[in-house]
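Chain by chain, the residues run as shown.
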Amino acid sequence: MSILTQLDHPLLQHKLSILRRKDTGTREFRQITREIGMLMTYEITRDFPLAPVEIETPIAKTTAYELSGKKVAIVPILRAGLGMVDGVLEVIPTAKVGHIGLYRNEKTLQPVTYYYKMPKDIDKRTVIITEPMLATGGSLIDAVTMLKKDNVKDIKIMCLVVAEPGVKALEAVHPDVHVYCVGYDKELNDIGYITPGLGDAGDRLFGTK
Ligand code: URA
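Everything quoted here is computed from the prediction, not taken from an experiment. (Residues numbered from 1 in each chain as written. Predicted model: local features only at pLDDT ≥ 70, side-chain atom pairs only at ≥ 80, totals over all residues. Heavy atoms only, no water.)

Visitor: Explain helix H2 (residues 26-44) to me, and be specific about the residues and the numbers.
Guide: An ideal rise of 1.5 Å per residue puts 27 Å on 19 residues; H2 measures up with 26 Å between its terminal C-alpha atoms. All buried positions along H2 are accounted for by Phe 29, Ile 32, Thr 33, Glu 35, Ile 36, Gly 37, Met 40, Thr 41, Glu 43 and Ile 44. Structurally, H2 contributes buried residues whose contacts are with helix H1 (10-20), helix H3 (82-91), strand E8 (126-130), strand E10 (154-158), strand E12 (178-181) and helix H6 (201-206). (Helix = DSSP H or I, 4+ residues; strand = E, 2+ residues; numbered from the N terminus. Expected span 1.5 Å × (residues − 1). Buried < 20%, exposed > 50% of the residue type's maximum accessible area, 1.4 Å probe, protein only. Contact = heavy atoms within 4.5 Å.)

Pasting the structure below:
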C-alpha cells in the first residue's frame, strides 16, 4: 500500500487551481490555503476512533459517539506550513501546536534545522505535519526523523502539492507515515521546485516576493 492519498474532492481540486494560478494574490492565497487545511482535516481524520457515551438531550437519554483516540498535535514546518494551521485548528480547536524550523540550502538542496519545539506530551499524540510542498522530500524526511526520536508513533502529513520523486524518497525512509495531498505533479525543475506546482508557497503566503 502506498503512503500517499490524493484527495479528489471537487472543492479541494477547485481551490488548488486558484492557488496554482500565478495571478492569485497573497490575501486570496492565504485564505484559500487555510480553507484547504480545514477541508483536508475532515478527510484526514476519517479513521479516528469513536466511543459510545451516555448523554441526556433536552428530550431524552441516549447513546451518542465521541472521539476516543489520541489527542492531536499540529506540527507546521516553518514557514509555509503555518498557512494550513488555522484551518486545522478551526475543526480541532483543542489541538496543540509544535514547530519545526527548516530551510533548504540553495546550493546543496539539503535541509538545515534551526528550530524544534514540541508540546511535552508529543509522544502520546497523533501528529499532523503541515507542509504545503513535498518536493525533494528532504525536509519531511528530517522532520519525521526528529519526531520519531521523540517517540511519536502516529504521523500524518498534510500537503497541498506533492511531487513523485519526493513521495518516493520519503516512502523509502519512512514507510509508516501517511501523506495526504490535493495535487500530484510528476517532476521537479533544476532548482528543486515542483513543476507545474504553484511556485514558492512561503513567498506566496507571506507576500515576500
Ligand atoms: N517549496 C516550495 O515552496 N515550492 C516548491 O515547488 C518546492 C519547494
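Now that the structure is up, let's keep going.
Visitor: So, the pattern of salt bridges: which residues are in play, and what are the values?
Guide: Throughout the structure, instances matching the rule amount to eleven salt bridges. Of the charged contacts in the structure, one is a salt bridge between Arg 34 and Glu 90, with a shortest N-O distance of 2.3 Å. Placement of Arg 34 in helix H2 and of Glu 90 in helix H3 is noted, with a sequence separation of 56 residues between them. Overall, Glu 90 belongs to the partly exposed group, its relative accessible area being 45%. In this structure, Asp 47 engages Lys 156 in a salt bridge whose closest nitrogen and oxygen atoms are separated by 3.2 Å. Placement of Asp 47 in the loop between H2 and strand E2 (50-56) and of Lys 156 in strand E10 is noted, with a sequence separation of 109 residues between them. Owing to a relative accessible area of 53%, Asp 47 belongs among the exposed residues under this scheme. Lys 156 sits in the buried class, given a relative accessible area of 5%. The network of salt bridges with shared partners includes Glu 164, Lys 168 and Lys 186. (Salt bridge = Lys/Arg side-chain N within 4 Å of Asp/Glu carboxyl O.)

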